[in-house]
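# An overview of the molecular structure
Take a look at the letters that make up each chain.
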Amino acid sequence: MINISDVSKWYGDFQVLNSCSTNIEKGEVVVICGPSGSGKSTLIKCVNGLEDVQEGTIHVEGIPVTSKRTNLTKLRSRIGMVFQHFELYPHMTIRENLCLAQQKVLKRSRDEANSKAEMLINRVGLLEHIEKHPGQLSGGQQQRVAICRALAMDPVAMLFDEPTSALDPEMINEVLDVMIELARDGMTMMVVTHEMGFARKVADRVVFMDNGSIVEDRPTNEFFTDPESERARDFLSKILDH
Amino acid sequence: MSSFDFGVISENIPFLWQGLKLSLWLTVLSVIGGIAIGTILALMRLSGMRSVALFAAGYVNLIRSIPLILVIFWFFFLVPLVIGRPIGSFYSALIAFVMFEAAYYSEIIRAGIQSVKKGQIHAGQATGLNYWQVQFYIVLPQAFRNMIPILVTQGIILFQDTSLVFVVSLRDFMTVSSIIARTEGRLAEMYVFAAFIYFVICFSGSLVVRNLQKAQGT
């Protein structure tokens with residue numbers, strides 16, 4: 001479903017991605033991890049064209065993201081994205097946050113958009129907050145809303161860019177629980193995260209990146225029990241040993 | 001010189017009020033027009049289209065390098081030449097103010113737009129909103145909310161600048177005060193009164209700005 005092939009990207013002279021390739025099948029959950037600055041977030045942003053690439057191609061359901069002729073806005077409406085800092089619109093209520101793109105992009109009626117918003121918000125247990133503004137919610141609540149905003153578009157795949165790294169520790173699980181449920185419902189997911197517990201529990205594969213390259217791309221169990229590369233072993237020992 | 005006689009003011013209240021109304025109207029209309037055109041100029045400069053951005057930048061820099069009084073003269077003499085008929089002092093002054101203020105507002109608005117976090121734009125784009133929808137629904141509302149204090153401040157400056165319209169013989173508050181001062185021979189009283197009124201209006205405006213800033217926590 002998502003096909004990344006030989007993707008390279010530079011910021012000036014600095015190479016952030018170095019011929020990265022991987023495939024994500026429908027219903028698959030792939031966790032991308034690695035030290036900070038390894039290019040994980042950049043790679044995931046290339047998948048829906050928020051960042052452009054200089055070399056290589058990315059296809060989503062056969063549509064080339066990297067082609068200039070592709071209608072990016074249409075493609076993006078089919079891929080949900082969740083950000084590290086939530087990025088809810090602060091001047092709108094939760095309801096308006098969830099309805100905006102439904103009405104403006106999918107051209108749903110106000111009633112349709114509203115009932116979809118209520119259904120999703122209810123699923124994450126925040127229905128009573130639907131008329132509030134994002135600033136009145138905790139970080140964990142905001143991130144759950146952000147997941148709902150993406151889901152409201154009925155995406156074929158979801159991208160998560162470090163969804164829990166801006167959260168206080170006690171709020172991480174409420175967000176991970178929503179993501180685990182989503183994974184079990186069969187959503188195709190690409191998740192950049194340091195939450196190895198989450199990876200173990202729901203990921204089909206783990207992609208390990210370092211210095212802009214994909215160093216390992218392995219089934220979850222193999223990655224944790226028998227990492228091939230020195231760098232992955234080093235990373236795992238640092239992140240798991242405390 | 002005889003002692004102060006503020007009776008001259010109460011006798012001329014209708015005349016003074018006419019002048020003040022003109023000053024206020026000119027300010028309000030120029031602020032609205034200036035913000036509207038200033039927003040367009042700001043969006044042009046940030047559009048990423050080279051020729052469009054250059055045109056807007058050229059306009060802003062040209063206007064900002066010229067004294068306001070010259071711009072008022074220009075439009076007074078130029079506009080009738082361009083459209084082939086006189087449009088009157090008020091409209092030529094209004095156009096001059098709008099075009100002049102648009103240059104200043106566009107710089108404020110450009111900074112406001114740039115103050116909106118890039119993540120907000122990404123969030124909008126990620127849900128499939130196009131460039132204009134992102135600007136209109138996400139960026140501009142937040143930019144304006146951040147900018148309100150400084151937009152009001154610019155409005156206060158504009159209100160003071162409207163006193164320059166005497167050069168195209170419009171009777172704004174300052175001009176009216178000055179006429180009364182000279183015809184009644186009460187220069188001190190009228191200029192003290194005029195200063196007082198400007199102070200009350202502008203200082204109230206400043207208080208509004210301060211409260212807005214407090215409410216925003218900046």
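Residues numbered from 1 in each chain as written. Chains lettered and ligands numbered in written order. Predicted model: local features only at pLDDT ≥ 70, side-chain atom pairs only at ≥ 80, totals over all residues.

### Looking at the overall build of chain B
What counts here: To qualify as a helix, a DSSP run of H or I must reach at least 4 residues; to qualify as a strand, a run of E must reach at least 2; elements of each kind are numbered from the N terminus. Around each residue's C-beta, the other C-beta atoms within 10 Å are counted; 20 or more make the residue buried, 12 or fewer make it exposed, and counts in between make it partly exposed. All C-beta atoms are placed from the backbone. Whether two residues are in contact is decided by their C-beta atoms, placed from the backbone, lying within 7 Å.
Each helix and strand counted, chain B has nine helices and zero strands in total. Sequence-ordered secondary structure for chain B, helices as α and strands as β, is α-α-α-α-α-α-α-α-α. Counting only C-alpha atoms, chain B reaches 75 × 50 × 25 Å along its principal axes. Per-residue burial for chain B yields a buried fraction of 33% across its 218 residues. Within chain B, contacts between residues separated by at least 24 positions form 75% of all contacts whose residues are at least 6 apart in sequence.

### Observations concerning the overall build of chain A
We count it as follows: Radius of gyration here is computed from C-alpha atoms only, and the compact-globule reference equals 2.2 Å multiplied by the residue count raised to the power 0.38.
Each helix and strand in chain A was counted, giving nine helices and 10 strands. Computed over C-alpha atoms, the radius of gyration of chain A comes to 18 Å, within 12% of the 18 Å expected from 2.2 N^0.38 for 242 residues, which places it in the range of a compact globule. Taking the principal axes of the C-alpha coordinates as reference, chain A spans close to 55 × 45 × 30 Å. The buried share among the 242 residues of chain A stands at 44%. Taking the contacts inside chain A whose residues are at least 6 apart along the sequence as the reference set, 64% of them involve residues at least 24 apart.

### Looking at the sheet that holds strand E5 (residues 63-64) of chain A
Residue and element names in this part refer to chain A. For the record, the criterion: Two strands qualify as a pair provided that DSSP identifies no fewer than 2 bridges between them.
Pairing is antiparallel in the open sheet, where four strands are placed in the order E2-E1-E4-E5. The sheet is open, and its two borders are formed by strand E2 (14-24) and E5, each paired with just one other strand. When strand E1 (residues 2-11) meets strand E4 (residues 55-60), the two strands line up antiparallel, connected through five bridges. When the bridges of E4 are listed, Ser 5 appears paired with Thr 57.

### Considering the sheet that holds strand E6 (residues 79-82) of chain A
Adjacent strands of a sheet form backbone hydrogen bonds with each other and so pair up, either parallel or antiparallel. Residues and elements named next belong to chain A. Heads up, the rule is: To get an axis, a line is fitted to the C-alpha atoms, and for a helix only the part in contact is used. The angle between two axes follows their N-to-C directions and goes from 0 to 180 degrees.
Taken in spatial order, the six strands line up as E6-E7-E8-E3-E9-E10 in an open sheet, and their pairing is mixed. The open sheet is flanked by E6 and strand E10 (213-219), the only strands paired with a single partner. Taken pair by pair, the neighbouring strands of this sheet meet at an average axis angle of 15 degrees, ignoring direction. Two strands pair when backbone bridges link them, and strand E9 (residues 205-210) and E10 are joined in this way by six bridges, in the antiparallel orientation. Note on E10: the bridge partner recorded for Val 206 is Arg 218.

### Some thoughts on the nonpolar core
The following threshold applies: By our criterion, buried Ala, Val, Leu, Ile, Met, Phe, Trp, Tyr and Cys residues that link up through C-beta atoms within 7 Å make up a nonpolar core.
Within the largest apolar cluster, 110 residues are counted, with the highest numbers of intra-cluster contacts made by Ile32(A), Val47(A) and Met190(A). With 12 residues, the single largest contributor to this core is helix H5 (residues 88-114) of chain B. Ignoring any residue separated from it by four or fewer positions in sequence, one finds Ile32(A) in contact with Lys40(A), Leu43(A), Ile44(A), Met190(A), Val191(A), Val192(A), Val207(A) and Met209(A). Leu16(B), Val176(B), Ile180(B) and Ala194(B) belong to the second-largest nonpolar core, a separate cluster that totals seven residues.

### Re the interface of chain A and chain B
Tallying the contact residues gives 19 residues for chain A and 16 residues for chain B. Sorting the residues of the side of chain A that touches chain B by element identifies helix H2 (72-76) and helix H3 (94-104) of chain A as the ones contributing at least two each.

### Details of the confidence of the model for chain B
All names here are of chain B. Applied cut-off: Confidence of the prediction at every residue is given by pLDDT, a number between 0 and 100.
The pLDDT averaged across chain B works out to 89; a share of 98% of its residues lies at or above 70. Across chain B, the element-wise mean pLDDT spans from 81 in helix H1 (residues 7-11) up to 94 in helix H6 (residues 118-126). As scored by the predictor, the complex reaches a pTM of 0.83 and an ipTM of 0.90.

### Some remarks on the environment of Gln18(B)
Residue and element names in this part refer to chain B. Here Gln 18 is to be found in helix H2 (residues 13-45). Residue Gln 18 is classed as partly exposed on the basis of its 15 C-beta neighbours within 10 Å. For the pair formed by Gln 18 and Val 176, sequence separation is 158 residues and the distance between their alpha carbons is 8.4 Å.

### Digging into unusual backbone geometry
Residues and elements named next belong to chain A. A positive phi angle, close to 55 degrees, is found at Asp 6, a residue other than glycine. Considering the arrangement of structural elements, one finds Asp 6 in strand E1. Judged by C-beta crowding, with 13 C-beta atoms within 10 Å, Asp 6 ranks as partly exposed. Residues other than glycine seldom take positive phi values, yet Phe 86 does so here, at roughly 65 degrees. Here Phe 86 falls in the buried class, since 25 other C-beta atoms lie within 10 Å of it.

### With respect to the packing of helix H3 (residues 50-64) of chain B against H5(B)
Residues and elements named next belong to chain B. To keep things clear, this is the line we draw: For any helix crossing, the convention is left-handed if the near helix is rotated counterclockwise from the far helix by under a right angle, and right-handed if that rotation is clockwise. Note on residue classes: Ala, Val, Leu, Ile, Met, Phe, Trp, Tyr, Cys and Pro are nonpolar, Asp, Glu, Lys and Arg are charged, and everything else, Gly too, is polar.
Packing of H3 against H5 leaves a shortest axis separation of 9 Å and a crossing angle of 115 degrees. Both H3 and H5 take part in a crossing whose hand is left-handed. Each of Tyr 59, Val 60, Ile 63 and Arg 64 in H3 lies in contact with H5, whose residues at this interface are Met 99, Phe 100, Ala 103, Ser 106 and Glu 107. Partitioning the contact of H3 with H5 into residue classes produces six nonpolar, one polar and two charged.

### Side note on the pairing of E2(A)
Residues and elements named next belong to chain A. Pairing between E1 and E2: seven bridges, direction antiparallel. Across the sheet, Lys 9 pairs through a bridge with Leu 17, a residue of E2. Where E1 hands over to E2, the hairpin turn is made up of two residues, of which Gly 12 adopts a positive phi near 65 degrees.

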